[in-house]
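What follows is each chain in one-letter form.
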Amino acid sequence: MDKIVVALVDKQALFRIGVHYALSQQPDIEVFHTSPDQNLAALTEAIPPDVMLLDIDYPSLRGLDIAREIVRRYPATRIIILTSDPDDEQLLEIVKSGAVAYLDRNITAEELTGAIRQVFHGEYLISESLLAKPRVSEYILRQFQSLYGTHKRTADTITAILTEREKQVLNHVAAGNSNKQIASILEISEQTIKNHVSNILRKLNANDRTHAVFLAVRHGWIMAGDSRLPTHPVTQQHSY
């Protein structure tokens, strides 16, 4: 059985040793660790990791720089950022870095191994975190609106594969609305909404509705003013 190759990059040696020990007990995981001050290029070229665990490394934010470089050079490597309750601006930077998840440094070994397996199989854990914080979502959407305003032509080309109704539905999904709520807002049947959501996932090659919104946020396909974001926590129990 092929193992999931995991690289742990953290400035705290004791933390690295502890995580290394915990992960090395898993039969499907192969792990190596290093400091962010080491030559990461040499390590990753020798054994390109499937998953990389990165400490943000406050206040220098060196971890985010490493994440951007790894995503650029090794797009197949899935980045998990290790941090503690990032604020709005930090979460925005994590999303922009190309990371697919952020985890609290106090996470249990069982939770960490579960997250590693999830991202290895293509899940975007950060998207659930994003939608679970509607006020943060609004902030990020507005930032991306500004960031990608100069690239509107590219965004228009990409979203041309979606119909106007599908774009409308995607914006309501980003606002945290359920299929039933969207159907009520647009005054069409819930089954029609389910069909639209299925088409959106297929066209964007998204794993689920939160992944679709994550892609839309990252690429600037959703503009903050297109739909009202909720002020209450977003539930994740949606049917397609």
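Caption draft 1: Highlighting the side chain of Ser97. Topologically, Ser97 is positioned in helix H4 (residues 88-97). Reaching out from Ser97, the side chain makes a polar contact with the backbone oxygen of Ile94 at a distance of 2.6 Å. Those residues in contact with Ser97, other than ones at most four positions away along the chain, are Leu64, Ala67, Arg68 and Val71.

Caption draft 2: Spatial organisation of the pattern of salt bridges. Taken as a whole, this structure holds eight salt bridges when the rule is applied. Close ionic contact of Asp10 with Arg105 constitutes a salt bridge, the shortest N to O distance being 2.5 Å. Of the two residues, Asp10 is situated in the loop between strand E1 (4-9) and helix H1 (13-24) and Arg105 in the loop between strand E5 (101-104) and helix H5 (109-120); the sequence distance between them amounts to 95 residues. Comparing Asp10 with Arg105, the two get one shared label, buried.

Caption draft 3: Here's a closer look at the nonpolar core. Formed by 41 residues in total, the largest nonpolar core has its most connected members in Val6, Leu23, Leu53, Ile80, Ile81 and Ile116. Of all the elements, E1 adds the most residues to this core, at six residues. In this structure, Val6 is in contact with Leu23, Ile29, Glu30, Val31, Phe32, Val51, Leu53 and Ile116, ignoring residues within four places of it in sequence. In this structure, Ala183, Ile200, Ala212 and Val213 belong to the second largest nonpolar core, which totals 19 residues.

Caption draft 4: Representation of helix H11 (residues 190-204) in the model. Between its first and last C-alpha, H11 extends 21 Å over 15 residues, near the 21 Å set by a 1.5 Å rise per residue. For H11, every residue scored as buried is listed here: Ile193, His196, Val197, Ile200, Leu201 and Leu204. Here the buried residues of H11 occupy an arc of 135 degrees about the axis, which is enough to place them on one side. Phi turns positive one or two residues past the end of H11, at Asn205, with a value near 55 degrees.

Caption draft 5: Broad picture of the pairing of E1. Burial runs high along E1: six of the six residues are buried. Every second residue of E1 is oriented toward a common face, with Ile4, Val6 and Leu8 on one face and Val5, Ala7 and Val9 on the other, all of them buried. Examined bridge by bridge, E1 and strand E2 (residues 29-34) share six bridges and lie parallel to one another. Paired with Ile4 across the strands is Ile29, a residue of E2. Here E1 pairs with strand E3 (residues 51-55) via four bridges, running parallel. Residue pairing in the sheet places Val6 in a bridge with Val51 of E3.

The rules we used
Residues numbered from 1 in each chain as written. Predicted model: local features only at pLDDT ≥ 70, side-chain atom pairs only at ≥ 80, totals over all residues. Heavy atoms only, no water. Helix = DSSP H or I, 4+ residues; strand = E, 2+ residues; numbered from the N terminus. Polar contact = N/O pair within 3.5 Å; in protein donor to acceptor, adjacent residues only side chain to side chain. Contact = heavy atoms within 4.5 Å. Salt bridge = Lys/Arg side-chain N within 4 Å of Asp/Glu carboxyl O. Buried < 20%, exposed > 50% of the residue type's maximum accessible area, 1.4 Å probe, protein only. Core = buried A, V, L, I, M, F, W, Y, C linked by side-chain atoms within 4.5 Å. Expected span 1.5 Å × (residues − 1). Arc of directions from axis to C-beta. Pairing = 2+ DSSP bridges.

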